[in-house]
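Here is what each chain is made of, one letter per residue.
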Amino acid sequence: MHRHSNHTTTTKMKRDFFTNLPSEITINILSRLPLGGIAMSKCVCKPWLHLLATDDFIKSHLAKSTPALAVLTSSSCTVFEFKDHQNLDRHDLHYNPLTKFDLPHAAEIQGSANGLLFLSMSAAHYVCNPITRQYAELHYPREIIRPYPKVVNYPEILSESLHSYPHSVTYGFGASRITGQHKVVQIYHDSVIVDGGRRTIPESECHVHTLGTGTWRRVKPGALLEYSSRSSCVFLNGNLHWVASDSEDRLWISCFDLETERFSSFSTPPVHQGSFELIPGLSTLGGRLCLCDHTREVETVIWVMKEYGVEESWTREYVINLNEDDLDIEGFELVYPIKVFQDADILMLRENRQLFYYSTNTGTAKDIGIFDVDSFVTAILLTPSFLSLKSLGMESVVSF
């Protein structure tokens, strides 16, 4: 009887210890747990269940969360946790699946910020949190999507020639630095060929949607640049980035500040460029802006901007060869570096087709071989979070 009493007292003391801890300490402890541990913690007691849904916990966890890999195929999306140890004897051990869900239609990842994915799917766009398993569709007012495409002419440069506008539509997604507002950016632009084969960009417009507002606003589009529909948008340091070119075919990094909603641009490193269709792939690598120049057949150069926004800080970080392996990647294909592991392997994405890794130790590239993919695959770094779409004010949020 005495032993039972002691055991009961000890158990009660442990329970009371955690119950009486200040909430900020409990949040600090629980936010360091892996995702599975957090999920189990919700079942411990009601106070923890409520605590894990607070803004304080969500912000604390997001600040400590490490990037994972979101892989999207034509039928499903899987989020993998990275296992980064030098003593892993097989490369496939780098990836531990966290969650997976099926997609009703073919989709493409357009961006990622604070654990949210921005997806385009069957002419519609969605914001999704794969960890909380929520999604919501974005709705466009008629003045944004109508009357596009429309037939236009520019008599001052093309006489009476008619063509369809817009020539291209580009998207971006991210969160502002100060206010933390999540925004979708949509850019329309035109590009026409005039006499002598010279290209000109006569018209451009930009619309911004802040999640939770239900409205779209038109903002000044900045310099007249052509945005390639093949190149992805990159979110970094509160800004969106695209590879773009001017009417003289010079490449630029177009930058949109999500806080001020103003455009700026800075130059790219001296990449090889035969035409605007042969462009480098823009991504991030180790938290820095990265440009992968695969336009040459003989070598692939990975440039990294060591100091953000400083053009002189572009550095040739890696020079590799991707044309002598079984992958046989052509020079016109975009290649995106995603992550450098501790064993010096580089995880890379071949334009909407294949995930592979390049070993800087052996100088060889191989397919990862663990993803159940078909002829279409996109991937992006995703920082897992418990951010609720409802907390952002989004309507018609669907749980799955």
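Residues numbered from 1 in each chain as written. Predicted model: local features only at pLDDT ≥ 70, side-chain atom pairs only at ≥ 80, totals over all residues. Heavy atoms only, no water.

Asker: Please give an account of the overall build of the chain that cites residues and values.
Answerer: Of the regular secondary structure elements, the chain holds seven helices and 30 strands. Evaluated residue by residue, the chain yields a buried proportion of 50% over its 400 residues. Across the chain, the fraction of contacts at a sequence separation of at least 24, relative to all contacts at a separation of at least 6, is 51%. Carbon and sulfur atoms provide 50% of the accessible area of the chain, an area that totals close to 19800 Å². (Helix = DSSP H or I, 4+ residues; strand = E, 2+ residues; numbered from the N terminus. Buried < 20%, exposed > 50% of the residue type's maximum accessible area, 1.4 Å probe, protein only. Contact = heavy atoms within 4.5 Å. Areas by Shrake-Rupley, 256 points an atom, 1.4 Å probe, with all protein chains shown as cover.)

Asker: Which residues make up the nonpolar core, and what are the values?
Answerer: Of all hydrophobic cores here, the largest spans 32 residues; its most connected members are Leu69, Leu289, Leu347 and Leu355. Phe118, Tyr140, Leu392 and Met394 belong to the second-largest nonpolar core, a separate cluster that totals 28 residues. (Core = buried A, V, L, I, M, F, W, Y, C linked by side-chain atoms within 4.5 Å.)

Asker: Please give an account of the sheet that holds strand β15 (residues 216-219) that cites residues and values.
Answerer: An order of β10-β11-β14-β15 is seen for the four strands of this open sheet, with the pairing classed as antiparallel. Two strands close off the open sheet at either side, each with one partner strand: β10 (168-175) and β15. Here the average twist between neighbouring strands, direction ignored, is 25 degrees. For strand β14 (residues 204-210) and β15, the ladder comprises four bridges, and the chain directions are antiparallel. (Pairing = 2+ DSSP bridges. Axes fitted to C-alpha atoms, helices over the stretch in contact; angles between N-to-C directions.)

Asker: Any details on the side chain of glutamine 110? Residues and values, ideally.
Answerer: Counting through the fold element by element, glutamine 110 comes out in strand β4 (residues 107-113). At 3.2 Å, the side chain of glutamine 110 forms a polar contact with the side chain of serine 120. In contact with glutamine 110, not counting residues within four places along its chain, are Phe118, Ser120, Tyr171 and Cys233. (Polar contact = N/O pair within 3.5 Å; in protein donor to acceptor, adjacent residues only side chain to side chain.)

Asker: Can you tell me about the pattern of salt bridges, naming the residues and giving the values?
Answerer: Applying the stated criterion across every chain yields a total of 10 salt bridges. With a closest N to O distance of 3.8 Å, glutamate 81 and lysine 83 form a salt bridge. Residue lysine 83 is classed as partly exposed on the basis of its relative accessible area, which comes to 31%. We note a salt bridge from lysine 306 to glutamate 317, for which the minimum N-O separation is 2.9 Å. On the criterion of sequence distance, the pair formed by lysine 306 in the loop between β23 (300-305) and β24 (314-320) and glutamate 317 in strand β24 is long-range, its members being 11 residues apart. Note on lysine 306: relative accessible area 34%, which makes it partly exposed. When salt bridges that share partners are traced, they join Lys183, Arg217 and Glu261 into one network. (Salt bridge = Lys/Arg side-chain N within 4 Å of Asp/Glu carboxyl O.)

Asker: If you had to explain the sheet that holds strand β30 (residues 398-399) to someone new, which residues and values would you point to?
Answerer: Spatial ordering of the open sheet is given by β4-β5-β6-β7-β30, a layout of five strands whose pairing is antiparallel. Strands with a single pairing partner mark the edges of an open sheet, and in this sheet they are β4 and β30. Where β4 and strand β5 (residues 116-121) come together, six bridges link them in antiparallel fashion. Across the sheet, serine 112 pairs through a bridge with leucine 117, a residue of β5.

Asker: Can you break down unusual backbone geometry residue by residue, with the values?
Answerer: One non-glycine residue, arginine 133, lies in positive phi territory at about 55 degrees. Within the secondary structure, arginine 133 is located in the loop between β6 (124-129) and β7 (134-138). For arginine 133, a relative accessible area of 26% translates into the label partly exposed. Of note in this structure, glutamate 261 is not a glycine but carries a positive phi near 55 degrees. With respect to the helices and strands, the residue glutamate 261 is situated in the loop between β19 (251-257) and β20 (262-267).

Asker: Summarise the environment of glycine 309; cite the residues concerned and give the values.
Answerer: Here glycine 309 shows up in the loop between β23 and β24. Spatially, the C-alpha atoms of glycine 309 and serine 267 are 9.4 Å apart, while their sequence positions differ by 42 residues.

Asker: So what's going on with the packing of aromatic side chains? Residues and values would help.
Answerer: Evaluation of the coordinates by the stated rule reveals 14 aromatic pairs. Residues phenylalanine 80 and tyrosine 95 carry aromatic rings whose centres are separated by 6.5 Å and whose planes lie at 85 degrees to one another, so their mutual orientation is edge-to-face. Taken together, the residues phenylalanine 80 in strand β2 (residues 76-82) and tyrosine 95 in strand β3 (residues 95-102) connect sequence positions 15 residues apart. Across the pair, tyrosine 95 and phenylalanine 80 agree in class, each one buried. Centroid distance tyrosine 95 to phenylalanine 341: 6.1 Å. Interplanar angle 90 degrees. Geometry classified as edge-to-face. (Phe/Tyr/Trp six-rings, centres within 6.5 Å; stacked < 30°, edge-to-face > 60°.)

Asker: Hey, could you go over the pairing of strand β18 (residues 239-245) for me, with residue numbers and the actual values?
Answerer: Within a regular beta strand, the side chains point alternately toward one face of the sheet and then the other, so they alternate between its two faces. In terms of residue burial, β18 counts as a mostly covered element, since seven of its seven residues are buried. Every second residue of β18 is oriented toward a common face, with Asn239, His241, Val243 and Ser245 on one face and Leu240, Trp242 and Ala244 on the other, all of them buried. Across two bridges, strand β16 (residues 226-227) lies against β18 in antiparallel orientation. Of the residues in β18, the one forming a bridge with glutamate 226 is serine 245. Sheet topology note: the strand β17 (residues 234-236)/β18 ladder contains three bridges and is antiparallel. Residue pairing across strands places valine 234 opposite histidine 241, the latter belonging to β18. The hairpin formed by β17 and β18 contains two residues between the paired strands, and asparagine 237 there has a positive phi angle of roughly 55 degrees. Note: β18 against β19, seven bridges, orientation antiparallel.

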